Every structure is written in structure tokens, then in C-alpha cells.
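# Observations on chain architecture
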Amino acid sequence: MHAELRWLNRFAALGPRYFTELPSEPLPSPHWVAVSPACAAQLGWPADWWQGSQALAAFSGGAPWPGMRPLASVYSGHQFGVWAGQLGDGRALLLGEVDAPAGPQEIQLKGSGLTPYSRMGDGRAVLRSSVREFLCSEAMHALGIPTTRALCITGSALPVRREELETAAVVTRVAPSFLRFGHFEHFTHTAADPAALRALADAAIEAHFPALTGRTDRVTALLEEVARRTARLVAQWQCVGFCHGVMNTDNMSLLGLTIDYGPFGFMDAFDPGHICNHSDPQGRYAYARQPQVAFWNLHALAHALLPLVAEELGTGLGGRDDEAVQQRALAALEPYKAEFADAMLGGLRAKLGLAEARDGDRELCDDLLRRMAADHTDFTITFRRLAQFSSEPQAAHDAVRDLFIDRPAFDAWAARYAERLRAEGRPDGVRAAAMNRVNPKFVLRNHLAETAIRRAREGDFSEVRRLLALLERPFDEQPGNQADAGLPPDWASRLEVSCSS
Ligand code: AMP
Ligand code: MG
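Here's what I pulled together on the structure shown here. (Residues numbered from 1 in each chain as written. Chains lettered and ligands numbered in written order. Predicted model: local features only at pLDDT ≥ 70, side-chain atom pairs only at ≥ 80, totals over all residues. Heavy atoms only, no water.)

### Describing the overall build of the protein chain
Counting its secondary structure elements, the protein chain contains 17 helices and 12 strands. Here the protein chain has a C-alpha radius of gyration of 23 Å; the compact-globule value for 501 residues is 23 Å, and the two agree. Overall, the protein chain is about 70 × 65 × 40 Å in size when its C-alpha atoms are taken along their principal axes. Residues counted as buried form 57% of the 501 residues belonging to the protein chain. By sequence separation, contacts in the protein chain at least 24 residues apart represent 72% of the contacts at least 6 residues apart. Per element, the accessible surface of the protein chain, about 19,600 Å² overall, is 53% carbon and sulfur. The average position of the 51 basic charges and that of the 60 acidic charges among the side chains of the protein chain differ by 1 Å. (Helix = DSSP H or I, 4+ residues; strand = E, 2+ residues; numbered from the N terminus. Rg over C-alpha atoms; globule rule 2.2 N^0.38 Å. Buried < 20%, exposed > 50% of the residue type's maximum accessible area, 1.4 Å probe, protein only. Contact = heavy atoms within 4.5 Å. Areas by Shrake-Rupley, 256 points an atom, 1.4 Å probe, with all protein chains shown as cover. Lys, Arg positive; Asp, Glu negative; His and termini not counted. Charge placed at Lys NZ, Arg CZ, Asp CG, Glu CD.)

Next comes the structure, spelled out in C-alpha cells:
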């Protein structure tokens, strides 16, 4: 099969300022852990692609297929709000860009060995974090949330030291582009190479924002578009209770994709201050802060693009026009605010099953979230059960009501909600069906991933594969899998997820 693939490798064509070409370091005696048929389908590959000769070798870092051109890209970034200087693909390797029915897709190994950008790291990824990234990438896609995809995981007995001794794995990721905000920061702040910055921006626009190609204001238009996509992405995260955990500028996708799954988490009990990353004691990346942090990151991107914005204004930087250049860049980020507010309100309305937009909707949604936070109700279960809410005047709402501690407060809210539903007049059954298409029954809760990881470490990958199949249909009832939709067990509260992966 791989002999027929057509490789475009447009990033590689940009030239050596942007990357280092190097071979991957093979995993010794590799084995398959899991493959995603849905991701393969997106590439237009047959379901049995992985059984072909040389597939295991290629996706465990052994031998690339003809046409692949492995390289590690260089980027920089702000980590936890602080300029970190040069970073780069320290353990990732872009194998190439392949022509696919869904449009060209880049294929990247993660955990395939040392690169010139590995800094203190070992270039490896452990099985634990690889399983988490693999499952969550595919789960997010199934939830309708833009994300990098995961094609497969290969594993090995190769020992890798983290807090304890673990074993190595390689995840294969797929995306139209792995460009990060940090790629642009690099050529402005680290390399100070405006020509390289210009060429990168133009290449990105041509490949991924073709409608902007040739426009004289294409850089500010790009900023606006990235701001809008990022706003919609974060609103979608908020609406499923997803915390990214490490929203550094090097982990922000230019295409508005969820990228770099590390210490992420889906919230169980709703808590706006929830911090999913054990390595973030200050809570910079807490759930409720994600929208602001994304905006902060967009400012970092805008700052990196200032030399190009100056060009658009027909001026340079470092002179009396700096103020105007900055204003222009800031103005390009402005759409973020309305886009996020609209996406968030639209998302919440859909979660509550409100088909029409009416005054007071935001307050109705926020009041429910406040009640949920006060009583620590489970985020996913609360919204899923809300579909069973009856708009009849005297109806009991036990399925949802039972989740709350302060029942009188819930009843007061429920009365307003029922009235709002009656005002709209949509039949309950129609509303319930619509709600069940936006409020997932199944998300990748930490304890589900943890159970799969424990088994995988013992060489049993069946739970990884079962969860993949489960999470590919997050909105379906799947009555046989009821336990996966339930409250987390007590031991889940002791799970700690950190940056160490
Ligand atoms: P992260 O915040 O996990 O996205 O990683 C930040 C930077 O550290 C990136 O440049 C990664 O490539 C690099 N990095 C993280 N873990 C490793 C590792 N085990 N080996 C080499 N580089 C790493
Ligand atoms: Mg990263």
C-alpha cells in the first residue's frame, strides 16, 4: 500500500532554517499497541494498512517508507507565561506530508528519539502518556472538537525513566499542520530572521488559509482567523469540561486544533477552578482561565507577527509608527472576544436544548453552572441527564435533581428552565434527541484512561482498544457500557497527572 502514496512534504521544502533532518531512533523489538481505523480512513488507507510489511517498522521509528522525509522542526515559546527561548520537536519527528482524500495530512511520530531540540529530555514518550494522547485525540475528534489525530501506538520493552521506570512507546499523530504559535515566535525573538518569518507565514497561508493568499493585508487577516478559530476551539473545550493543562504558546496550533495532549483532563465534579495538571500549582491553566490564557497566547502570536504587520502598513519597526503597528495587530485579535462569547453562549444553549436565542439565556446557563459548582455535580452526567427534563408544569425532575445537594435552589432554577422551555414550545422528545447529540454520555475520564494504562503495562491492550471503540461514539447510549458513563470510583480522586510524560 505504501508504495502508492504521494508525499508532498511542503514543510520540508521550506528549507533548513526551519528544521533538522534526521532519522528516528527505532524502538527495539516493537509491537502494536493500538491502531485507529477512523484515522486511517481519514488518510484514505485501508483498514488493514498496519498489517502490511514494514508498517510496524515505520511507525516505531525503524525504517521510513519511501517518500517520507523525517525532520524535527524548531520553535520557541512562552511556558507558564515566561519566555522560554528555543524549544522545538524534542521527541517528535515529522515523517512527511501525504496526499489524502481529506486534504494533505502531516504524519508525525512522537517519542521517536533524541533530536537537536531535546534539551534535557530523552526524546522518548512512555506508554502511559501515549495511551492518553492516542485515546483523547480520537475521542475529541468524535466529539466534534478540532484536534490533531492519532493513527496508532507502537510499544517496546525499552525502559524509560520518569518518576519511576516505565516503558517506551511511539504515538503517530496526524494533522493538516503541526505549526504552533511558537514557530512564529521563534523567527522573531530567537532567530530574529524576518525573511524566514515572512516565508513561513506565506507558506502557512498558502497551504492552510488559501482564501487569504495574495491579499495585501493577509497577515492581519491570518491573525483574525486564528483568533476566531482559537475562540471557537476553547469554547468547545469549556462546553465539554475539557482542561488542556499546558496551554503554553508552543502548544497552541495555528490551525486552531487541540494539540499536545499531556496532563489534560475532563472534569468529573464541576469546579471552575479545577486544575488538571499537578505541575501547575498556581492554576495558570485552570478550567475557567483557559479562555483568557488563549487570548494571552494570541497576543504572543500577534507580537511575533509585528514585523509582518509593519510591512503591511508600509513601515518598519523601531520607529515612530510602532504604536500604529501594535494597534493594528491588537485590532486583529479583537474578534476573539465576540467569537468566544457567541460560541460559548451558542454551545451552552445547545447543551440546555434551547433552539431559539432569547434574552436571559446566558443568566439561565450561568445559574445552572453556579449550582453545579456549588454542589460539585458531575459535569458530564448533569448535562446528559438534563435531556430527561420534562417541561410539563408539575413534572418531577428526579434524574437531574438527585445530583444536587441544595434541592430548593435546584427547584427554583428548574422552574425557570421549564418555563423557558415551554416558551419555546419544542416537543420534549425532539429537544432530548438534540441535547443527546451535544452532551456526550462518554468522555475520557482519568480513571478510564488509567485502567487501560494499567492493563497495557501488563501487556494487555484490549482495554485501550475497547475505550477507543467506546469513545468513537460518545453520544450514543451504548447500554452495554453503562459503567463507563458513571461517576468515577473513589480511587480516581487520588490520580495525579503531571507534565512528566
Ligand atoms: P511540552 O510542554 O510537553 O509540549 O514540551 C515542551 C518542550 O519540551 C517541547 O519542545 C518538547 O519537544 C520538549 N520535550 C518534552 N518532553 C521531552 C522528552 N522526553 N525528550 C525531549 N524533549 C522533550
Ligand atoms: Mg509541546
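### Considerations on the packing of aromatic side chains
The description of two aromatic rings rests on the distance between their centres and on the angle between their planes. The final tally for this structure, using the stated rule, is 25 aromatic pairs. Between F80 and Y285 the ring centres are 5.0 Å apart and the planes differ by 45°, which places this aromatic pair in the tilted class. Linking F80 in the loop between β4 (76-79) and β5 (82-86) with Y285 in the loop between β12 (265-266) and α7 (290-304), this pair joins segments that are 205 residues apart in sequence. Classification of Y285 by relative accessible area gives buried; the value is 1%. Seen from their ring centres, F242 and F266 are 5.3 Å apart, and the 65° between their planes marks the pair as edge-to-face. One end of the pair, F242, is in strand β11 (residues 242-243); the other, F266, is in strand β12, with 24 residues separating them in the sequence. A relative accessible area of 3% means that F266 is categorised as buried. (Phe/Tyr/Trp six-rings, centres within 6.5 Å; stacked < 30°, edge-to-face > 60°.)

### Quick look at the pattern of salt bridges
All chains considered together, the criterion is met by 43 salt bridges. With a closest N to O distance of 2.8 Å, E166 and R128 form a salt bridge. Here R128 lies in helix α3 (residues 127-142) and E166 lies in strand β10 (residues 165-175), a separation of 38 residues in the sequence. Residue class for R128 comes out buried when judged on its relative accessible area of 18%. Here R445 makes a salt bridge to D268, at a shortest N to O gap of 2.7 Å. (Salt bridge = Lys/Arg side-chain N within 4 Å of Asp/Glu carboxyl O.)

### Concerning unusual backbone geometry
Backbone geometry at F80 places phi at a positive 50°, although glycine is not the residue there. Judged by its relative accessible area of 28%, F80 falls in the partly exposed class. The phi angle at D260 is positive, at roughly 65°, despite the residue not being glycine. Tracing the backbone through its elements, the reader meets D260 in the loop between β11 and β12.

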